[in-house]
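Structure at a glance
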Amino acid sequence: MTADEQKKAAAIRALEYVKPGMKLGLGTGSTAEHFVRALGEKVAQGLDVVCVPTSERTGKLAASLGIALSNLDDTPHLDITVDGADELDRDLRLIKGGGGALLREKIVATASERMIVIADASKVVERLGDFPLPVEVIPFGAAVTARRIAEVAGQFDCTGKLSRRADEYGEPFFTDSENFIYDCTFGEIPDPDGLAAALNLIPGVVDNGLFIGIAALAIVGMPSGTDIIEKT
Ligand code: 5RP
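These notes cover the structure that comes with them. Predicted model only: the values in this text are computed from it and were never measured. (Residues numbered from 1 in each chain as written. Predicted model: local features only at pLDDT ≥ 70, side-chain atom pairs only at ≥ 80, totals over all residues. Heavy atoms only, no water.)

Contacts to the ligand come from 17 residues, most closely from Ser30, Thr31, Asp86, Gly97 and Lys123. Within the backbone of Thr28, one N or O atom sits 3.0 Å away from an oxygen atom of the ligand. Relative to its unbound accessible area of 380 Å², the ligand is 91% covered by the protein chains. Considered class by class, the residues forming the shell around the ligand number two nonpolar, nine polar and six charged. (Near = heavy atom within 4 Å. Polar contact = N/O pair within 3.5 Å; in protein donor to acceptor, adjacent residues only side chain to side chain. Areas by Shrake-Rupley, 256 points an atom, 1.4 Å probe, with all protein chains shown as cover. Nonpolar A, V, L, I, M, F, W, Y, C, P; charged D, E, K, R; others polar.)

Here the focus is the pairing of strand S10 (residues 180-185). The buried fraction of S10 amounts to five of the six residues, a majority that puts the element mostly inside the structure. The pairing of strand S8 (residues 133-137) with S10 spans five bridges and is classified as antiparallel. Residue pairing across strands places Leu133 opposite Cys184, the latter belonging to S10. In the sheet, strand S9 (residues 161-164) pairs with S10 via four bridges, with the strands oriented antiparallel. Residue Lys161 lies in a different strand from S10, and its bridge partner there is Thr185. (Buried < 20%, exposed > 50% of the residue type's maximum accessible area, 1.4 Å probe, protein only. Helix = DSSP H or I, 4+ residues; strand = E, 2+ residues; numbered from the N terminus. Pairing = 2+ DSSP bridges.)

This part is about the environment of Asp73. Note that Asp73 resides in the loop between strand S3 (68-69) and strand S4 (78-83). Residue Asp73 is classed as exposed on the basis of its relative accessible area of 73%. With 51 residues separating them along the chain, Asp73 and Val124 place their C-alpha atoms 34 Å apart.

Moving on: unusual backbone geometry. What is expected of a backbone is that most residues other than glycine have negative phi and most peptide bonds are trans. Of note, the phi angle at Leu92 is positive, near 60°, even though the residue is not glycine. Located in the positive-phi region is Glu178, a residue other than glycine, with phi close to 65°. Its place among the elements puts Glu178 in the loop between S9 and S10. The exposure class of Glu178 is exposed, given its relative accessible area of 52%.

This part takes up the pairing of strand S7 (residues 112-120). Both faces of the sheet carry side chains from a regular strand, because those side chains alternate between them. With seven of nine residues buried, S7 lies mostly within the body of the structure. In this structure, S4 lies alongside S7, joined through five bridges in parallel fashion. Directly across from Leu78, in S7, lies its bridge partner Ser112. In this sheet, strand S13 (residues 215-221) lies alongside S7 in parallel orientation, the contact comprising six bridges. What sits directly across from Asp120, in S13, is Gly221.

This part takes up the side chain of Arg165. Looking at the secondary structure, you find Arg165 in the loop between S9 and S10. Within polar-contact distance, the side chain of Arg165 engages the side chain of Asp183 at 2.8 Å. Apart from residues lying up to four places away in sequence, Arg165 is in contact with Gly97, Gly98, Gly99, Gly100, Pro134, Glu171, Pro172, Phe173, Ile181 and Asp183. (Contact = heavy atoms within 4.5 Å.)

Time to look at the environment of Ala3. Position of Ala3 relative to the elements: it lies in helix H1 (residues 3-14). Sequence-wise, Ala3 and Val135 are 132 residues apart; in three dimensions their C-alpha atoms are separated by 26 Å.

Right, here's the structure in full:
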């Protein structure tokens, strides 16, 4: 299977965890999109679920497929969130935010009984950090916040370039919450748990793309079939 076929296979397997009447969080990105489309087919056949999307983009897609949508104010407790990842390790620690939705993704995932990650095989790594870590920062004083991020990361043996994300026109990229993202090219992150906690203490940092202790299960599309990684 190609990487995209692996994403789709993982997404379709995730449907096995969805039961009628459930409240679901819908992730963002190409893998999550496969799940939303597959879910849309089930809804068209009569499956009754209510979903909270993690981005405007996912919300639009889900609405176009006739999926009933809600928000966390009206639906604060979700059964399952199904979302992709940029990297995951065998302890189900993740890097997310390649699509810029990390903040809402983390809020929705932690409002869920269970976060299920769906991914192609290339996303599974021994150590996190090859994928640049996204850190969401409020625009006010962003350059100062970025310097502080670099200092704090250095205390965790993470050094490298911090680049403010740009859109396809070279303009600053804004998240759905009107913030900036700094992509931090640290390479291997020796202590993801410590770094995740320390980054979020910096004034101006809204959140970072390390998801620690949040995912309960991952479904990984393989060259043939799918594998499950479960929390031990
Ligand atoms: C978006 C994300 C995505 O889940 C992550 O970037 C993976 O994307 P894709 O499924 O397209 O590979 O975190 O913010």
